[in-house]
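# Inside the fold
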Amino acid sequence: MTVDNQSQTVESNSESKLSLSGDANTTDQDTFIRSRTWIPVRFTQTMWTLWILSVCALIVWTWRGGTFGVPSDIDIAWIPTQLFSIDGLTLIIWVAATFFSGIIHSYARRYLAGEQHQNRFFLSAFGFTVAVIILIVANHIVIFTLSWMIMGLLMTALIGHNRGWSQAQMAASFARRYFLISGTLIAVAGGVLWWTADVVTIDAAVGADVISGLSSLTIASVTIILVLAAMIQSALIPFHTWMLSSMTAPTPASALMHAGFVNAGGILLVRFGPIIEADTRLLIFIMLIGALSALGGKFLKTVQSDVKRKLGCSTIGQMGFMIMQVGLGFFAAAIAHLILHGCYKAYQFLSVGDTVKHVTPETVHEKTESKSELTISRIIITAIIAIIGGGVFTFITGKGATLDSGLLLSGLIVITTLHATQRILQHTTIAKHLRYGAIMIVFIPAIGVYGLLYAGIASIMEIGGVTPAVPTELTIAHGIVAGGFLISYVVIETEIYRRSHRLYVLLMNISQPPGETLLTTTEEYDDH
């Protein structure tokens, strides 16, 4: 063999070894990638499977008139009804919770692709959803309380997902204290019911015979304790700082928090609704608490400078409105609101990156200058369209047709429509004929969808024996709330509040989370 042939043979062998080595490296890399993506893929598929099963269960349950129609020859005595209970409210929340979680799981697969600890995130997110599913079906107060606490602890794990970020860890620690207090309050309420009425399940506690045997002091104590737990979980004022400090959470975690976690406060009050509605004065108390956060969240939003904080303050206001609906006696409306809010906030957080635009001072000035002033004709048109919207809601739901708290509920829908309508009218770049058409095409049907959803949820709750609404008589407190919403609408639309420096400073101070959870330099964002 010549030297040239030997050289060619050596080169050929070297190329073969490199090729084999390259193939081995590629195979190892593919195996590593599959191992890293197995958990996200499987958990996402499982979540969508749970959603499909929940939808099917709701359809079957409703079609069979509030039962799954188990044949009499099948032994179901082994099912621990003392521990778990399924009704229309349970199935509705199951459908909503698994749907939101499925969307967020799908988004997180792309958002966290290649992230070192993505499997840990998916374990926490999936575990959180399972805790919610168990919470909704739990009938025993101990299981309900444990699920509530586990749900909170898993949410703090999501808030502090980035363990190398000290601000995220401080935010998680700060939120954890709130969530543990909230769970402890539920345990205390359960202990009071066990001590005074010898009941350990929610179904027994909300039974008419048990409630009739409770003293006014016991009912008031249990209600106030449960309301405090709901306020903490739903980040109502003054317990809102844990939410504003959690902006260091990954975007999918924020979406899961705002679309699902905070809604638990409303679900808690609806589950214990018969106890809460036993005293009308307590309902008025809940209405005032909800109204304070609904209005406060709206004003806090006006002084925020970044998108996520604005969305956080918006959630505070919307959760206040949800709790306020409970106080008005419309439990089905509160459930409808939390579902619609979940859809809206999930979209807002998952698309928040698309809303951030770089502008120059000149473009901001041009945009400000293009904002036209209110005129009498626009005010009249806005009012007419808003009244039509309120009429649509009343026609579909029947609420607002009599002199009770339903009138205030419809009135708030009118004010909401006024606000949304005015926002559209101020976009002067839209042609006038399209401007008014957009209001009729978008906002009026939106109110119709709200009304239809409310009517559907109320019907399902009635089939399962859950009271969807207990309207109360109008009082001075209801009038004060209605006046407060109307005045706030005028103040915000006319921007009168901008003239008060004291109000600005007050709102900024109220919306400030603990300093250790804040970033002081933009470089810290770049590091994580």
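Residues numbered from 1 in each chain as written. Predicted model: local features only at pLDDT ≥ 70, side-chain atom pairs only at ≥ 80, totals over all residues. Heavy atoms only, no water.

## Things to note about the overall build of the protein
Along the backbone of the protein there are 23 helices and zero strands. Within the span of the protein, comprising 528 residues, buried residues form 49% of the whole. (Helix = DSSP H or I, 4+ residues; strand = E, 2+ residues; numbered from the N terminus. Buried < 20%, exposed > 50% of the residue type's maximum accessible area, 1.4 Å probe, protein only.)

## Details of the pattern of salt bridges
Scanning all chains against the criterion turns up one salt bridge. Measuring nitrogen to oxygen at the nearest pair gives 3.0 Å for the salt bridge that ties D279 to R281. Residue classification places R281 among the exposed residues on the basis of a relative accessible area of 62%. (Salt bridge = Lys/Arg side-chain N within 4 Å of Asp/Glu carboxyl O.)

## What about unusual backbone geometry?
Here I237 and P238 are connected by a cis peptide whose omega angle stands at 10 degrees. Mapped onto the elements, P238 comes out in the loop between α8 (216-233) and α9 (241-244). Non-glycine residue D198 carries a positive phi angle of around 60 degrees. On the basis of relative accessible area, D198 is assigned to the exposed category, the value being 62%. Even without being a glycine, A235 presents a positive backbone phi close to 60 degrees. Position of A235 relative to the elements: it lies in the loop between α8 and α9. Since its relative accessible area comes to 0%, A235 is described here as buried.

## Comments concerning the packing of aromatic side chains
All told, the structure shown has 16 aromatic pairs when counted by the stated rule. Between F144 and F272 the ring centres are 6.3 Å apart and the planes differ by 85 degrees, which places this aromatic pair in the edge-to-face class. Taken together, the residues F144 in helix α4 (residues 141-159) and F272 in the loop between α11 (264-271) and α12 (273-276) connect sequence positions 128 residues apart. Residue F144 is classed as buried on the basis of its relative accessible area of 1%. In textbook terms, an aromatic cluster arises when at least three aromatic residues are bridged by ring pairs, as seen for W48, W51, F99 and F100. (Phe/Tyr/Trp six-rings, centres within 6.5 Å; stacked < 30°, edge-to-face > 60°.)

## Observations regarding the confidence of the model for the protein
Averaged over every residue, the pLDDT of the protein is 78; residues scoring 70 or more account for 79%. The low-confidence segment residues 70-76 (pLDDT under 50) makes one contact with residues lying over four places distant or belonging to another chain. Here residues 357-372 is modelled with pLDDT under 50, and outside its nearest four sequence neighbours on either side it reaches nine contacts, counting other chains as well. (pLDDT = per-residue confidence, 0-100. Contact = heavy atoms within 4.5 Å.)

## Side note on α8
Given a rise of 1.5 Å per residue, 18 residues ought to cover 26 Å, and the 26 Å separating the end C-alpha atoms of α8 matches this to within 8%. Here α8 has its buried residues at T218, I219, V222, T223, I225, L226, V227, A229, A230, M231, I232 and Q233. Positive backbone phi, approximately 60 degrees, marks A235, located one or two places after α8. (Expected span 1.5 Å × (residues − 1).)

## Focus: helix α14 (residues 307-327)
Taking 1.5 Å of rise per residue, the 21 residues of α14 would be expected to cover 30 Å, and the 30 Å separating its terminal C-alpha atoms lies within 8% of that figure. Along α14, 18 of the 21 residues are buried, which leaves the element largely enclosed by surrounding structure. G329, located one to two residues past α14, shows a positive phi value of around 95 degrees.

## Regarding the packing of helix α2 (residues 88-111) against helix α15 (residues 331-350)
Two numbers describe how α2 lies on α15: the axes approach to 11 Å, and their chain directions differ by 0 degrees. One element, α2, and the other, α15, form an angle in the roughly parallel class. Listed contacts from α15 to L89, I92, I93, A96, F100, I103, I104 and Y107 of α2 are I335, L338, I339, G342, C343 and L350. (Axes fitted to C-alpha atoms, helices over the stretch in contact; angles between N-to-C directions. Parallel < 35°, antiparallel > 145°, perpendicular 65-115°, else oblique.)

## A look at the environment of S221
Along the chain, the position of S221 falls in helix α8. Put simply, S221 and A189 are 32 residues apart on the chain and 8.0 Å apart in space, counted from C-alpha to C-alpha.

## Description of the packing of α2 against helix α10 (residues 251-259)
At their nearest, the axes of α2 and α10 sit 9 Å apart, and the two run at 170 degrees to each other. Compared by their axis directions, α2 and α10 come out roughly antiparallel. In this structure, α2 contributes F100, S101, I104, Y107, A108 and Y111 to the contact, and α10 contributes T251, P252, A255, L256 and A259. Residues of the contact of α2 with α10, tallied by class, amount to nine nonpolar, two polar and no charged. (Nonpolar A, V, L, I, M, F, W, Y, C, P; charged D, E, K, R; others polar.)

## Describing a nonpolar patch on the surface
On the surface, I376, I380, I384, I388, M440, I441 and V442 cluster together into a nonpolar patch covering about 670 Å² of accessible area. Going through the elements one at a time, α18 (376-397) and α20 (432-463) are the ones with two or more residues in the nonpolar patch. Considering each element in turn, the nonpolar patch owes the most residues, four residues, to α18. Relative to the helices and strands, I384 is located in helix α18. (Patch = residues over 30% accessible without salt bridge, like charges linked within 9 Å, V, L, I, M, F, W, Y side chains within 5 Å. Areas by Shrake-Rupley, 256 points an atom, 1.4 Å probe, with all protein chains shown as cover.)

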